[in-house]
Amino acid sequence: MPHKSNEEKNKRSPLFYSIISLIVLIGAMLVILAEYSDMFGEHLRETAEDKTVLQIQQPADKIRNNILLINEDKNNIACMIENGDYFSDKLMASTVAENGNAYMVIICDKDGKGINEDGKIVDISGTDYFKKMSQEVNCNEVIYVPDDKISGANAFVSVRGIENAQVTKYILVYYMAGNISNYLTNIQNGSDTYYMIVDTDGNVMMTAGKTRYKTGDNIWDYIEKINGQQSTYRMKKRLLSMTPDCIDYYENEKQTKLMVYCPLRINGWYLLASVDNDYVDQQTATLSRDMRGLVGAVIKLVIIFSCVAFAIVTVTLVNSNKNSTQLQEKADTDLLTSLNNKLATERKIKEYMSEHPSEQSVMMLLDIDNFKKINDTLGHAFGDEVLRSLGNHIG
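Note that this is a predicted model, so its numbers are computed, not measured.

What follows deals with the packing of aromatic side chains. Counting across every chain of the model gives eight aromatic pairs. Relative to F156, the ring of Y144 lies with its centre 5.3 Å away and its plane at 55°, an arrangement referred to as tilted. Highlighted residues: Y144 in strand β4 (residues 140–145) and F156 in strand β5 (residues 155–163), separated in sequence by twelve residues. Each member of the pair, Y144 as well as F156, carries the same accessibility label: buried. Judged by centre distance (6.3 Å) and plane angle (50°), the ring pair of Y194 and Y213 falls under tilted. With Y194 in strand β7 (residues 194–198) and Y213 in the loop between β8 (204–208) and α6 (219–227), this pair connects stretches of sequence that are 19 residues apart. The structure contains a cluster of three or more aromatic residues connected by ring pairs, namely Y103, Y129 and Y174.

Let us now look at the sheet that holds strand β1 (residues 104–108). One open sheet accounts for six strands, arranged β3-β2-β1-β6-β5-β4; its pairing is antiparallel. The sheet is open, and its two edges are formed by β3 (121–123) and β4, each paired on a single side. Here the strands of the sheet are splayed against their neighbours by 30° on average, with no regard to which way each runs.

If you look at the biggest cluster of nonpolar residues, it comprises 44 residues, and the most contacted ones within it are F156, I197, V260, W269 and L271. The element contributing the most residues to this core is helix α2 (residues 37–82), with ten residues. Not counting residues up to four positions away in its chain, the partners in contact with L271 are I56, P59, A60, I63, L184, Y195, M196, I197, V260, Y261, C262 and L264. Residues I124, I143, V157 and Y174 belong to the second largest nonpolar core, which totals 17 residues.

In this section: the pattern of salt bridges. Summed over the entire model, instances satisfying the criterion amount to twelve salt bridges. Residue K372 is joined to D376 by a salt bridge in which the shortest nitrogen-to-oxygen separation is 2.8 Å. Here the residue K372 and the residue D376 both occupy positions in helix α10 (residues 371–378), the gap between them amounting to four residues, near one helical turn. Both residues of the pair, K372 and D376, belong to the exposed class. Via salt bridges that share partners, R45, E49, D248 and D281 belong to a single interconnected network.

The subject of this paragraph is the packing of α6 against helix α7 (residues 229–239). Their axes nearest at 7 Å, the elements α6 and α7 cross at an angle of 135°. Classed by the angle they form, the pair α6 and α7 counts as oblique. Between α6, through W220, I223, E224 and N227, and α7, the contact on the second element is made entirely by Q229, S231, T232, M235, K236 and L239. Classifying every residue of the contact of α6 with α7 gives four nonpolar, four polar and two charged.

Basis of the calculations
Residues numbered from 1 in each chain as written. Predicted model: local features only at pLDDT ≥ 70, side-chain atom pairs only at ≥ 80, totals over all residues. Heavy atoms only, no water. Phe/Tyr/Trp six-rings, centres within 6.5 Å; stacked < 30°, edge-to-face > 60°. Helix = DSSP H or I, 4+ residues; strand = E, 2+ residues; numbered from the N terminus. Buried < 20%, exposed > 50% of the residue type's maximum accessible area, 1.4 Å probe, protein only. Pairing = 2+ DSSP bridges. Axes fitted to C-alpha atoms, helices over the stretch in contact; angles between N-to-C directions. Core = buried A, V, L, I, M, F, W, Y, C linked by side-chain atoms within 4.5 Å. Contact = heavy atoms within 4.5 Å. Salt bridge = Lys/Arg side-chain N within 4 Å of Asp/Glu carboxyl O. Parallel < 35°, antiparallel > 145°, perpendicular 65-115°, else oblique. Nonpolar A, V, L, I, M, F, W, Y, C, P; charged D, E, K, R; others polar.

Rendered as structure tokens:
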């Protein structure tokens, strides 16, 4: 096998290092992906949970806005009364009912006797919610009633009490609690998900979906039986932070679910959603597939870019080596004879002896007799032609 000169080895080393660098780059990317795969999995789970929280937050905002709208209707009537722009109770009640989301509007006196939007006489003096609100004449709040005692509906009621020199009035605007279910049925987060609106103490005000809870139940009583006092305390503490969030809990002795809680920011009420963890796992798997596809695309781009860069570097090195070889040949060549000049000859002899230290070699010297006479008699141009012709024969 012929030996490669040091010059050839030096010419090929940049290309060799480029290939090694490309292999190391791709290998490093694969190692990083493998090392951080678990971390990515945990992050994707958190992302899926955050996405679920956002899904529940949207209807929570709609519920809050609708309750605030009945507050606005109530306050409009109150302003009219306070400013003396007072029309009949029936006219004001019917106007609010027609233009708003309320299913019933009642304007009554301090004894609970009044009129509704249809002009019918009503008496709510015997209801628990009127007894409670009438203890404060200037009350202004939203309350939840499981039974309005008129139509039998459970409702959110916006209440405002007004007392001045002319009148003492109570304005009650009723919003059907059952309408809230319309905001929840379109959420795509699993068929086993159920919803509740609870107060600060965990008392259930209304439910939607298949659930063991009913209006009036306390969710903490049941959750504490399954999850223990300490876990339940942590859940209560996080819920009272008034920040949308979620937490895993035991729905029963065998099944864990994700409790999502979103504050309505009205009286400390919350919209709770109990979401099956299978749904969250499916969302995590979807995100994982998307992430793998994205990572795969990035790796492909990196490989393509690396290959293009490698090709550019390779072509550049080949051209550089070619140019370098041509320059070296020009530097080593005698311009007249096209043979190696003195420096090139010495260097190549040393290289050969270094690479073949144990081998015998022969060096031949050639001399031209009476060459000076040729220059003197025929001229230096003719002498140069003689040297050029001799170089062609030897080369």
